[in-house]
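Secondary and tertiary structure notes
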Amino acid sequence: MDLKLIFLVILGVVSIVYLITLFFKAGILQCILKGCLVPLILAVYLSGANTILLTIILALVFGWLGDIFLLKISNLLCFRLGLASFLLGHILYIVTMITYAQPFNIIVLIISIIVAIGYGIISFKMVQPSPDMRIPVIAYETILLAMAIFALQLFLAQGGKFGALVFAGSLFFVASDTMLAFATFRKKALNVPVMITYIAAQLLIILGFVAK
């Protein structure tokens, strides 16, 4: 049996059980399962990719660190460390995407930047971060949307399954992180949709690079 498929099945089972624990607030089990998600996605990548990219591995490592820090999201230091970890992960994804996104489609690039600025302003007003977190949130949002922009460029340059999966994953990341920020600063319970879109984001990007 294909090793990549085995890890995908295990990831699917762990993800479902984890999402169930979110409903029941299953404490330590919930924490353990969350800590297993990204390592399983990394296993999918390592077992399925023809070419292993260090930047992709490091992006997942920082994503895993972000998951661990955000287990204590109510702690401001942990939240900031989690934000920084995911920020570095997104930057590593951007660095990787740029390699495959050239030549850039300038017209689409300009349009997507305009759309991203509009989305950023709207989402920032919806999230309403605390004064001490406004600059970190703006910086994070800028990098997040930049990743989606370069993912679109990668899709236009590469096409096919590779480009489509990476671009779709970047959009899920935008959705997930926007909901997470909204839930954090507006005190809304969005754990399940945040994690569904987050798992989809990481997995789709990785499957894209597996398919390249």
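Everything here concerns the structure above.
The present account deals with the structure reproduced in this document.

What counts as what
Residues numbered from 1 in each chain as written. Predicted model: local features only at pLDDT ≥ 70, side-chain atom pairs only at ≥ 80, totals over all residues. Heavy atoms only, no water. Helix = DSSP H or I, 4+ residues; strand = E, 2+ residues; numbered from the N terminus. Buried < 20%, exposed > 50% of the residue type's maximum accessible area, 1.4 Å probe, protein only. Areas by Shrake-Rupley, 256 points an atom, 1.4 Å probe, with all protein chains shown as cover. Lys, Arg positive; Asp, Glu negative; His and termini not counted. Charge placed at Lys NZ, Arg CZ, Asp CG, Glu CD. Axes fitted to C-alpha atoms, helices over the stretch in contact; angles between N-to-C directions. Parallel < 35°, antiparallel > 145°, perpendicular 65-115°, else oblique. Left-handed = near helix turned anticlockwise from the far one by under 90°. Contact = heavy atoms within 4.5 Å. Nonpolar A, V, L, I, M, F, W, Y, C, P; charged D, E, K, R; others polar. Phe/Tyr/Trp six-rings, centres within 6.5 Å; stacked < 30°, edge-to-face > 60°. Salt bridge = Lys/Arg side-chain N within 4 Å of Asp/Glu carboxyl O. Patch = residues over 30% accessible without salt bridge, like charges linked within 9 Å, V, L, I, M, F, W, Y side chains within 5 Å. Expected span 1.5 Å × (residues − 1).

**Details of the overall build of the protein chain**
Summing up its helical and strand segments, the protein chain has eight helices and zero strands in all. Taken from N to C terminus, the helices and strands of the protein chain fall in the order α-α-α-α-α-α-α-α. Principal-axis analysis of the C-alpha atoms places the extent of the protein chain at approximately 50 × 45 × 25 Å. In the protein chain, which comprises 212 residues, the proportion classed as buried is 45%. A total of about 10,500 Å² of accessible surface is found on the protein chain, and carbon and sulfur atoms cover 76% of it. Of the side-chain charges in the protein chain, 12 are positive and 5 negative, and the distance between the mean point of each set is 6 Å.

**Some details on the packing of helix 4 (residues 76-101) against helix 8 (residues 191-211)**
For the pair helix 4 and helix 8, the least separation of the axes is 13 Å and the interaxial angle reads 30°. On the basis of their axis angle, the class for helix 4 and helix 8 is roughly parallel. Handedness of the helix 4/helix 8 crossing: left-handed. Where helix 4 abuts helix 8, its residues Phe86, Tyr93, Thr96, Met97 and Tyr100 lie against Tyr198, Gln202, Ile205, Ile206 and Phe209. Of the residues that constitute the contact of helix 4 with helix 8, the class distribution is eight nonpolar, two polar and no charged.

**Details of the packing of helix 1 (residues 3-24) against helix 2 (residues 27-48)**
Between helix 1 and helix 2, the shortest axis-to-axis distance is 9 Å and the interhelical angle comes to 160°. In terms of orientation, helix 1 lies roughly antiparallel with respect to helix 2. Once helix 1 is placed against helix 2, the crossing between them reads as left-handed. Taking contact as the criterion, the partners of Leu3, Lys4, Phe7, Leu8, Ile10, Leu11, Val14, Ser15, Val17, Tyr18, Thr21 and Leu22 in helix 1 are, on helix 2, Leu29, Gln30, Leu33, Lys34, Cys36, Leu37, Leu40, Ile41, Ala43, Val44, Ser47 and Gly48. The residue makeup of the contact of helix 1 with helix 2, split by class, is 17 nonpolar, five polar and two charged.

**Here's the deal with the environment of Ala148**
Within the secondary structure, Ala148 sits in helix 6 (residues 134-158). Taking the C-alpha atoms as reference points, Ala148 and Val95, separated by 53 residues in sequence, lie 12 Å from one another.

**Describing the packing of aromatic side chains**
Summed over all chains, the structure comprises nine aromatic pairs. The interplanar angle of 85° and the centroid separation of 5.8 Å between the aromatic rings of Phe79 and Phe185 together place this pair among those described as edge-to-face. In this pair, Phe79 sits in helix 4 while Phe185 sits in helix 7 (residues 160-186), placing the two residues 106 residues apart along the sequence. On the numbers, 5.9 Å between centres and 50° between planes, the contact of Phe104 with Phe150 is tilted. A residue pair is termed long-range when its members are at least 10 positions apart, and Phe104 in the loop between helix 4 and helix 5 (106-127) and Phe150 in helix 6 qualify at 46 residues. Its relative accessible area of 18% is what places Phe150 among the buried residues.

**Description of the pattern of salt bridges**
Under the counting rule described, the total for this entry stands at one salt bridge. Residue Asp132 pairs with Arg80 through a salt bridge whose shortest N-O separation is 3.2 Å. On the criterion of sequence distance, the pair formed by Asp132 in the loop between helix 5 and helix 6 and Arg80 in helix 4 is long-range, its members being 52 residues apart. For Asp132, a relative accessible area of 42% corresponds to the partly exposed category.

**A word on a nonpolar patch on the surface**
Together, Leu5, Val9, Val13 and Val17 make up a nonpolar patch on the protein surface, roughly 300 Å² of accessible area in all. Considering the arrangement of structural elements, one finds Val9 in helix 1. For Val9, a relative accessible area of 45% puts it in the partly exposed group.

**Comments concerning helix 6**
End to end, helix 6 covers 36 Å across 25 residues, agreeing with the expected 36 Å (1.5 Å per residue, within 8%). Phi turns positive one or two residues past the end of helix 6, at Gly159, with a value near 65°.

**Looking at the side chain of Lys34**
On the secondary structure map, Lys34 appears in helix 2. For the buried Lys34, no salt bridge exists, and the shortest N-O distance to an oppositely charged side chain is 4.7 Å, to Asp67.

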